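Survey of secondary and tertiary structure
Spelled out from the first residue to the last, the chains are:
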Amino acid sequence: MTNASQHSSCESCTLKENGFLCHLSPMAAKEFESIKVPSPYPEGSILFLENERARGVFLVCSGKVKLSVSSKAGKTLILQIVQPGEVIGLSASMSGAPYEVTAETLHPAQIVFISREDFLRFLQRFPEAYCAVTQQLNLQYGRACAQLRTIGLSTTAHEKLARLFLNWSSNEKRSPETDQIKVPLTHEQIAACLGSTRETVTRTLSDFKNRHLVTLKGTTVMISDRSALVAMSGE
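Residues numbered from 1 in each chain as written. Predicted model: local features only at pLDDT ≥ 70, side-chain atom pairs only at ≥ 80, totals over all residues. Heavy atoms only, no water.

Description of the overall build of the chain
Counted only if it meets this: Runs of E in the DSSP output that reach at least two residues are strands. Runs of H or I that reach at least four are helices, and both are numbered from the N terminus. Note on classification: 1.4 Å probe, protein chains only; a residue is buried when its accessible area is under 20% of the maximum for its type, exposed when over 50%, partly exposed between these limits. Here a residue-residue contact requires only that any non-hydrogen atoms of the pair lie within 4.5 Å. Surface exposure here means Shrake-Rupley accessible area, sampled with a 1.4 Å probe, where a residue is shielded only by the protein chains that are shown.
Summing up its helical and strand segments, the chain has eight helices and 11 strands in all. Among the 235 residues that make up the chain, the fraction classed as buried is 46%. Looking at the chain alone, contacts between residues at least 24 apart form 68% of all its contacts between residues at least 6 apart. For the chain, the exposed area adds up to about 11900 Å²; of that, 54% sits on carbon and sulfur atoms.

Re the environment of L166
As for its position among the elements, L166 is in helix α5 (residues 157-169). On the basis of relative accessible area, L166 is assigned to the buried category, the value being 9%. Linking L166 and V230, residues 64 residues apart in sequence, is a C-alpha distance of 7.5 Å.

Remarks on the pattern of salt bridges
Keep this limit in mind: Salt bridge, as used here, is a side-chain nitrogen of Lys or Arg placed within 4 Å of a carboxyl oxygen of Asp or Glu.
Applying the stated criterion across every chain, the model contains eight salt bridges. Its salt-bridge partner being E86, residue R143 comes within 2.7 Å of it at the nearest N-O pair. With a gap of 57 residues between them, R143 in helix α4 (residues 130-153) and E86 in the loop between β5 (76-82) and β6 (87-88) connect regions that are remote in the sequence. Using a relative accessible area of 17% as the deciding quantity, one classes R143 as buried. E86 sits in the buried class, given a relative accessible area of 9%.

Thoughts on helix α1 (residues 26-35)
Convention followed: Working note: the arc is built from the helix axis to C-beta atom directions.
Among all positions of α1, only A28, F32 and I35 are buried. Each buried residue of α1 sits inside an arc of 65 degrees when the element is viewed along its axis, so together they form one side. Of the exposed residues in α1, the ones pointing more than 90 degrees away from its buried face are P26, M27, K30 and S34. Of the surrounding secondary structure, the elements contacted by the buried residues of α1 are β1 (37-41), β3 (56-62), β8 (109-115) and α3 (116-125).

Quick look at the packing of aromatic side chains
Stated precisely, the cut-off is as follows: The criterion for an aromatic pair is that two Phe, Tyr or Trp rings (for Trp, the six-membered ring) have centres within 6.5 Å, with stacked assigned to planes under 30 degrees apart, edge-to-face to planes over 60 apart and tilted to the rest.
For the coordinates displayed, the defined rule picks out seven aromatic pairs. Ring centres 5.3 Å apart and planes at 40 degrees place the aromatic pair F122 and F126 in the tilted group. We classify F122 as buried; its relative accessible area is 1%. Ring centres of F165 and W168 lie 6.3 Å apart, and the angle between their planes is 45 degrees; on these two criteria the pair is classed as tilted. Of this pair, F165 and W168 both sit in helix α5, three residues apart, which is roughly one turn of the helix. Accessibility assignment for this pair places F165 and W168 in one class, buried. Cluster of aromatic residues (ring-pair linked, three or more members): F48, F58, Y99 and F113.

Regarding the nonpolar core
The criterion, for reference: Only buried residues count toward a nonpolar core. Its members are Ala, Val, Leu, Ile, Met, Phe, Trp, Tyr and Cys residues joined through side-chain atoms within 4.5 Å.
Among the nonpolar cores identified, the biggest contains 26 residues, and F165, W168, I190 and F208 are the most heavily contacted of them. Elements represented by at least two residues in this core include exactly β5, α5, α6 (187-194), α7 (198-210), β11 (220-223) and α8 (226-233). The dominant element in this core, judged by the number of residues it contributes, is α5, at six residues. In this structure, W168 is in contact with I81, I181, V183, L185, I190 and C193, ignoring residues within four places of it in sequence. By size, the runner-up hydrophobic cluster in this structure holds 20 residues, among which are I35, L59, C61 and L123.

Remarks on the sheet that holds β1
Here is the rule we go by: Strands were regarded as paired on the criterion that DSSP finds at least two bridges between them.
With respect to topology, four strands assemble into an open sheet ordered β1-β8-β3-β6, the strand pairing being antiparallel. One side of each edge strand has no neighbouring strand; the edge strands of this open sheet are β1 and β6. By the bridge criterion, two bridges tie β3 to β6 in an arrangement that is antiparallel. Of the residues in β6, the one forming a bridge with F58 is I88.

The structure is reproduced here in structure tokens:
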């Protein structure tokens, strides 16, 4: 994979320590290079739609991608934010089922696409890649369970938002003093992660700031009192 639009080779990628399919044997890595199609995507690009036929997998090399589902009434629920080094469309491509979600870029992003046919052929030739596939599927399953706990088991907006921030913070850099979370979402989009409303999120976030649980600097949320936030989440 690559983490900048000017790169096309996995050799220059800074995600090689923990990215998807970044520890292949030389022969497998050469084959992987031959089937991947890297492309830059502007912010707001739709990679695929919910219930669309699975065309292949998308490896996120830079930027972030939101995954969402929608109801017939037009209500949207954001399930997760995909980080660089992760892959989307994997379960659908493996099973042949339609995509379960809609995938949309939150920032300008560099994405590698691999067609379903090429990907399945690659797995047949290089079974070593199944380990990475299993790890990604386990990661996605764990996040889905965390999202269900946040929405289904939290009884108040404060609990939901606290759980959401704690879940996000596990994927972000931490300093000795605070946990920092890059939040590329509007209040309305955060509400879509919680099954709530923008007004409720705005009020709850204001209360968090007044209680000195978090501070905001642009798109960065700093968790000032993690233990208090954990207690509020009901964890």
